[in-house]
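Fold and geometry: a report
Spelled out from the first residue to the last, the chains are:
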Amino acid sequence: MSRSCTPRSRWLVTLSLATTGLLLTSLVAAAPRDARAATTESGAVSTADIPGVDEIRSSPNLKLVVNLPKETPLDATNSDLAFQGRYAFAGNYNGFVIYDISRPAAPTVVSQVLCPGSQNDISVHGDLLFLSTDSPRSDDSCDSTRVPSTETRWEGIKIFDISDKANPRYLKSVQTACGSHTHTLVPGKNRRTMYIYVSSYGPSDTYVGCPPPHDSISIVKVPVHRPTEAAVVATPNLFPDGGFEGVPGQKSATSGCHDITAYPSKNLAAGACMGDGILMDISNREAPRVINRVRDTENFAFWHSATFNNAGTKVVFTDELGGGGGATCNETIGPNRGADAIYDIVGRGKHRTMVFRSYFKIPRENADTENCVAHNGSLIPVFGRDIMVQAWYQGGISVWDFTNSANPREIAYWERGPLDAERLITGGSWSAYWYNGYIYSNDIAKGLDVLKLTDRRTWTANLVRYRELNVQTQSGRFGR
């Protein structure tokens, strides 16, 4: 399953007044390398303490503020989130929802757009909203129906005008090879152009529009003031050697990418590409170049997503073992599979390489009726430290510190019990992101959750205000 920030917005706050406080809070004890064995201030929960159906448990420093349930017709699977000003934009397999979050404790629905097509990965830029469609459709309209892959007529990127949040308007579609599972906004070198790096995978000889080999991404160029002229301008081959061949039934072969995170100001991007993790130079936005590639043939089954730290000196990759539908947070699977892997970026220029340091996995066992694995998260903007909030499906939400790459440590958590006590029903937090003082989670089944973190190590993040946030497009700034 899946999961972007634009640099066009300016800082809205300065953090100089917080420097002293940050220095005082920077010394946090490190956990052992084995994440499962790690003790944690949030309090590890044993198997016997697994909460009951819908029962909420959390560390004292992370609390639910409000839950806003899904509404029909957008009552399908919830997916990713994006933010702009006082609005949150939530993807759903049936379309997307725009929330007014000016009062985080009382969010309201501004509009709902019915436009089916999984998984509706979402991002925003100015008056434009971009939506990914990764299911074969009968056409590119919002009235399309799903068809077999042997009869694909369209899948790719949809573009909407959101200048009127109450009445979004469909502008344009761009068809891309193998559809668009996720996408990443990459601003051009000027403000007139936006690029969309489209990630997709799963080629087949019988899949119309997606024949093997599929070792590439699609790059869509969007003239910001003429979005109806958007078009694919390049399909760079990232794996001339075909990438990792995979292990049938155990580890995914590389056949495209699942997710890409860009750091435009550093001309870097990191790709999680099923069987490979890659670091790219994106100085030429239309011709990204792979400068380093890593593999984990021991523990990683499916390279799912990537997150840089603020300095751009580390990458956190996630392993979506079981595709998001399995119960992998248990003793049988252990601490190093279905986890995060932390890599330091060493060297300079084209000689930069990624060096593995450690794994992180939530230090709680979940029930066998709970799908749980590392999924989408974002950095919390704390100067001088690397702290991330992350979704773990029914494993809940974890806040963890990876300032010491070799010794990550959880500092907060929040979770609901399983959806059912007898059978596994897919649910839980798809994306958990920090935005302007709160954590927002799009729960697959339960709707929008708003949470508040109260912790001495992160209090300065409450001073930071973003104008726009697409988590897969990082800037390293504290406010934009």
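Residues numbered from 1 in each chain as written. Predicted model: local features only at pLDDT ≥ 70, side-chain atom pairs only at ≥ 80, totals over all residues. Heavy atoms only, no water.

On to the overall build of the chain. Helix and strand counts for the chain come out as one helix and 30 strands. A total of 480 residues make up the chain; the buried ones form 62% of that total. As presented, the chain carries roughly 16,900 Å² of accessible surface, and 50% of it is formed by carbon and sulfur atoms. (Helix = DSSP H or I, 4+ residues; strand = E, 2+ residues; numbered from the N terminus. Buried < 20%, exposed > 50% of the residue type's maximum accessible area, 1.4 Å probe, protein only. Areas by Shrake-Rupley, 256 points an atom, 1.4 Å probe, with all protein chains shown as cover.)

In this section: the packing of aromatic side chains. Per the counting criterion, the structure on display carries 17 aromatic pairs. Between Phe-83 and Tyr-435 the ring centres are 4.5 Å apart and the planes differ by 15°, which places this aromatic pair in the stacked class. Taken together, the residues span a long stretch of sequence, with Phe-83 in strand 3 (residues 78–84) and Tyr-435 in strand 27 (residues 429–435) at a distance of 352 residues. Residue classification places Phe-83 among the buried residues on the basis of a relative accessible area of 0%. What makes Tyr-435 buried here is its relative accessible area of 1%. Consider the rings of Phe-300 and Trp-303, whose centres lie 4.6 Å apart with planes at 55°: the pair is tilted. We note that Phe-300, like Trp-303, is buried. (Phe/Tyr/Trp six-rings, centres within 6.5 Å; stacked < 30°, edge-to-face > 60°.)

Below, the discussion takes up unusual backbone geometry. Along the chain, Thr-72 connects to Pro-73 via a cis peptide bond; the corresponding omega equals 5°. With respect to the helices and strands, the residue Pro-73 is situated in the loop between strand 2 (62–68) and strand 3. Note that the residue after Ser-118, namely Gln-119, is joined by a cis bond; omega there is -5°. Of note, Gln-119 is situated in strand 7 (residues 119–125). Positive phi, close to 50°, is recorded for Tyr-393, a residue that is not glycine. Its place among the elements puts Tyr-393 in the loop between strand 24 (387–391) and strand 25 (397–401). We classify Tyr-393 as buried; its relative accessible area is 1%.

On to the nonpolar core, then. Core analysis: the largest hydrophobic core is formed by 19 residues, its most contacted members being Leu-81, Phe-83, Tyr-99, Ile-101, Tyr-435, Tyr-440 and Leu-448. Counting 18 residues, the second largest nonpolar core, distinct from the first, contains Tyr-263, Phe-300, Val-315 and Phe-317. (Core = buried A, V, L, I, M, F, W, Y, C linked by side-chain atoms within 4.5 Å.)

With that out of the way, let us pick up the state of the cysteines. If you walk through the whole model with that rule in mind, you get four disulfides. With a sulfur-sulfur separation of 1.8 Å, Cys-178 is cross-linked through a disulfide to Cys-210. Taking the sign of the S-S torsion, 95° for the link of Cys-178 and Cys-210, the bridge is right-handed. Of the two residues, Cys-178 is situated in the loop between strand 10 (169–175) and strand 11 (182–187) and Cys-210 in the loop between strand 12 (193–199) and strand 13 (218–223); the sequence distance between them amounts to 32 residues. Cys-178 gets classed as buried once you look at its relative accessible area, which sits at 1%. We classify Cys-210 as buried; its relative accessible area is 0%. (Disulfide = S-S within 2.5 Å.)

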